[in-house]
Structure formats: structure tokens, C-alpha cells
Amino acid sequence: MKRTLIALLAFIINSALLFSQANLPAGYHFKTLPNGLDVLVVEDKSVPIATIEINVKNGAYTESPEFSGLSHFYEHMFFKANKDIPSQEAYINRTKELGIAWNGTTSVNRVNYFFTLPAANLDEGLKFMNSAIRYPLFLEQEMTNEHPVVNGEFQRGESSPEFNLYYQFQEKMWGKDKSRKIPIGDHDVILSATTEKMRTIQQKYYWPNNSLLIIAGDVNPTDAFAKAESIFGDWQPSGFDPFEKFPIPEFKPLNDNVYFVTTSENAQAPVIYIGWHGPDTRKDVKATYTADVFSYIVNLESSKFSKELIDAGLALEASLYYGTDIYTGPISLRIVPNPAKIKECMVKLEEHIAMWDSGDYFTDEQMITAKNQLAIQEKFRMEQTSSYAHALGYNWAIKDLDYGFDYIENINKTTRDDLKKYVRKYIKDKPAVYGILLSPEMKSKMNINKFEDLLD
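One structure accompanies this document, and this report is about it. All chains use their own residue numbering, which begins from 1 and follows the written sequence. For a predicted model such as this one, the threshold for reporting local features is a pLDDT of at least 70, and the threshold for listing and counting side-chain atom pairs is 80 or more; totals across whole chains, interfaces and linings nevertheless cover every residue. The basis for every side-chain value is the complete set of heavy atoms in the structure, and neither hydrogens nor water enter the calculation.

## Examining the overall build of the chain
Think of it this way: any DSSP run of H or I at least four residues long counts as a helix, any run of E at least two long counts as a strand, and we number them from the N terminus. Regarding its fold elements, the chain presents 19 helices and 11 strands. Its C-alpha atoms give the chain a radius of gyration of 24 Å, near enough to 23 Å, the size a compact globule of 456 residues would have. C-alpha extents for the chain along the principal axes are approximately 80 × 50 × 40 Å. Think of it in three bands: with a 1.4 Å probe and only protein chains considered, a residue is buried below 20% of the maximum accessible area for its type, exposed above 50%, and partly exposed in between. Relative to its 456 residues, the chain shows a buried fraction of 53%. In this analysis, two residues are considered to be in contact whenever any of their non-hydrogen atoms come within 4.5 Å of each other. A fraction of 80% describes how many contacts in the chain between residues 6 or more apart in sequence connect residues 24 or more apart. When the accessible surface of the chain is summed, it comes to about 20300 Å², and 52% of that surface belongs to carbon and sulfur atoms. Asp and Glu are treated as the negative residues and Lys and Arg as the positive ones, with His and the ends of the chain left uncounted. Charge positions come from single atoms, namely NZ of Lys, CZ of Arg, CG of Asp or CD of Glu. Between the averaged position of the 48 positive side-chain charges in the chain and that of its 60 negative side-chain charges there is a distance of 4 Å. For the radius of gyration, the atoms used are the C-alpha atoms, and the globule rule reads 2.2 Å times the number of residues raised to 0.38. Only the protein chains shown count as covering a residue, and every accessible area follows the Shrake-Rupley method with a 1.4 Å probe.

## Some words on the side chain of D177
Tracing the sequence through the fold places D177 in the loop between α6 (163–174) and α7 (187–191). Judged by its relative accessible area of 10%, D177 is buried. Apart from the residues within four sequence positions on either side, D177 is in contact with P249, E250 and F251.

## What to know about the packing of aromatic side chains
Stacked, tilted and edge-to-face pairs are distinguished by plane angle, under 30 degrees for stacked and over 60 for edge-to-face with tilted covering the rest, among Phe, Tyr and Trp rings (Trp via its six-membered ring) whose centres lie within 6.5 Å. Taken as a whole, this structure holds 35 aromatic pairs when the rule is applied. An aromatic cluster is defined as three or more aromatic residues linked by ring pairs; in this entry it consists of Y74, F78, F79, Y91, W102, Y113, F115, F128, F138 and Y206. Charge-over-ring placement is defined geometrically: NZ (Lys) or CZ (Arg) within 6 Å of the ring centre, and within 35 degrees of the ring normal. Above the ring of F67, the side-chain terminus of K204 is found at 5.7 Å from the ring centroid.

## Observations concerning the pattern of salt bridges
Any carboxyl oxygen of Asp or Glu within 4 Å of a side-chain nitrogen of Lys or Arg constitutes a salt bridge here. The tally for this structure, following the rule as stated, stands at 32 salt bridges. For D418, the salt bridge identified is with K286, shortest N-O distance 3.1 Å. Placement of D418 in helix α18 (residues 416–426) and of K286 in helix α11 (residues 285–299) is noted, with a sequence separation of 132 residues between them. Residues joined in a network through salt bridges with shared partners are R94, E97, D123, E124, K127, D223 and K227.

Next comes the structure, spelled out in C-alpha cells:
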């Protein structure tokens, strides 16, 4: 009888863990292991391959200035020596033996690592992933070798004429906490990365209770969960919530408009950025969906914005963007104005921002088009399971898996009134950052010494 009761309790607990994420589509299966590791299995037998992906709640938002760029550096060190693989060369050889296509990414909100390999090699692939995620060695020579590689990615970014504008824009938007929004980091911090700092990151964030394992493709869910538990089940949890023990500071709100001018010898045309502090998934998740619909409407070729800025010849490019974030998502406008009509462009731009909450700024047809196109994009992403795994991991990191599974439903719930409230709460008459990129020659010829010169 006692054994029966224990078995019954185990079944109830296991069932609760298995179905703790609601609204799973057909073919999706979720479970949290006793050590806190979330495991998502996506069954897709269309081709005989499998994808194994680990997501960790790490990234730029967890970086104080002295760690700026080191989540990205850590990502690079994942593909090096660990307790079971003695060197990077051995690591590469093992990927070839298993037929693995591999990569990783670091963003503001998460770091992910992924392998795609023949489904028949799933068991060995999971063991390979387990060794890399739990037991990196951070060998001094491999660290030294990687300094110029990671810094080189930074330098490639700097080679873009727009980099100065991007970097200074982030500084003005986020102030002393800019490191928490710039994944590429800081040159000096990257070039001085140490094993000790890698261990600090590992001990803060690389725990099963701060990670999601995705197994997707030609797999059997029961078998995949059993393999995950067998291989990752003895990964010890942290015993603490990383975000309670190492809290992320809130970004200081913009109190006034901020203006700046930056130059680059390589700039071929002026570029303007305008940015506001927008909603995030902790405090106003509904507005994050609304932001996507509004941005899509504004960017339509048929929109009033496109017709009166681009078609009228005031701008070569003009687009509105919202970045979904855990902490204060950015809303930003990027405009490439006609150099001969730059002041007219700014006047028209300000007129449009003032109209964004008016009842007739867009048509019902444009709103329906925006919702349909966003839904189609989401469905299209789901077609390729190996790449959709990345989106699933991102949703889990910024909110939860349901954020993505409910995306189309929530997009379709957006009303005109929601769009007005979004504009009035986050954009219209709110403090913003205004920046312009010019070449020194353009700056001189246009007689632009400060951004306010464009607003006269």
C-alpha cells in the first residue's frame, strides 16, 4: 500500500512537471527535471536529423561594466576543451565524427548553443553537449588564443560607418548601464578576459535551474526525456535563484530629450536614430505584442509614414523597430534622410510622431495586413524545426514558452485603442534620444554643429 501511495504521488508530481507549460502545440512536449532543468522536446520526423540546444539566462543584461562582452567570450569558450575533450582540435574532430553542425549566439537576453546532427547520433550528441555545458576547462592558452578572435568580431562591427552612431546611441539611451544592452562589449574587458572571470559567470548563471534544453527533430519524446534525465539529471542545481542573488538593476528613465552628433570618415549619407524606452515582458507584456503590430503598420509601404517620408523624397529609408526585452525594450526609428532635404524630413517626422495616436493614422486594412503578416512570419519560422528551436529558447528566456505559443493569438487581440495607449505611454511627448551620423565633410557643408540645428 505504501509503495502504491508513493508511486501515485510520484505520478502526480511528474504529471504536474510534465504539463507545467500550458498551450503546447501538437508535437511539443515539456518537462522540468528534479534539478530544475527545463526540457522541451519537439517531434518532427520530416528529415532524419535532430537538434540539441541549450539556452542559458545570461547575456549582456547580466553584465556590469567589468564584465562587458564576457557572456559572448564565454560562448566562444564553450566550443573548446572540457573534462572529456582535451583541446579545441579534439572538439572539432569530435563534431566531425558525430556529423554535427554547431554554433552559438549571445544577445542581450540569453546565450544559446546548438548542435544539429544525424538523429541516430542523438545519444552521443547529448553527452557531448553535457560535457561542454557543465565542465569547460577555460585553458589559459585557449583563452589567450580567443582574445583576438572575439575582439575581431568587435572590430568588424566598428568597420561599419554606422557603428559610432549605434554605440553612442546605446550610451545615451542607457547611461551607466549601457553594458547591459551591448552584447559585443568593451575592447579592454575582452582582451583581458581571465579564467577567473569565466568561472564567476559559470557560478552565477550556468546551472540547470537557469537553463533550457531543447531536443528537436526526428526523436521519440519518451526516449528523449529519458536520455535527458539520464545524462543531465545529476547536474546539481545552484540552490539559489541567480536573479534574486545577483539582481539586475532597473534602467534609469530618460528625463529629458538627449541630442548628439557623431561623425565617421566612412559615412556616405546622413543617418538619424531616435529612441524611446519601451515596454518589457516583466511589467507590460501586452504592450510588447502591441509594439510589434504598431511597428509593422508604420513600416508598410502603403503607410502614411512611408508615403510622406520615402515616396515624397524626404528620406531614402525610414523604419520603426521595437526590441522585445526583459528589462526596458528599446523603441527606435532609423532614418536615412535626403541630404538636400534633411530639415524638411525632420519637420515631417515630428508631424508624424504627433499623429501616431490619431484615429485615422492608419486604415483597418493596414491593421489587418500587419496582423496577418506577423502571423505568417511566425508560422513560417515554425517550418524549420532546427532554426525554430532558437526562437523557442529566446521566448523562454525573455518570458516563457507560452510567450511564443500565444504570439499569434495575442497579436490578433490588438485593438486600435491598444495602439493609441501604446503610443501615448511610450512615444508621444516622451523623452527621447536623437542622434545623427555625418561625415566631417557633410557636417561642415550642412553647417550642423549640434542636432538642434536640424530642428530650427
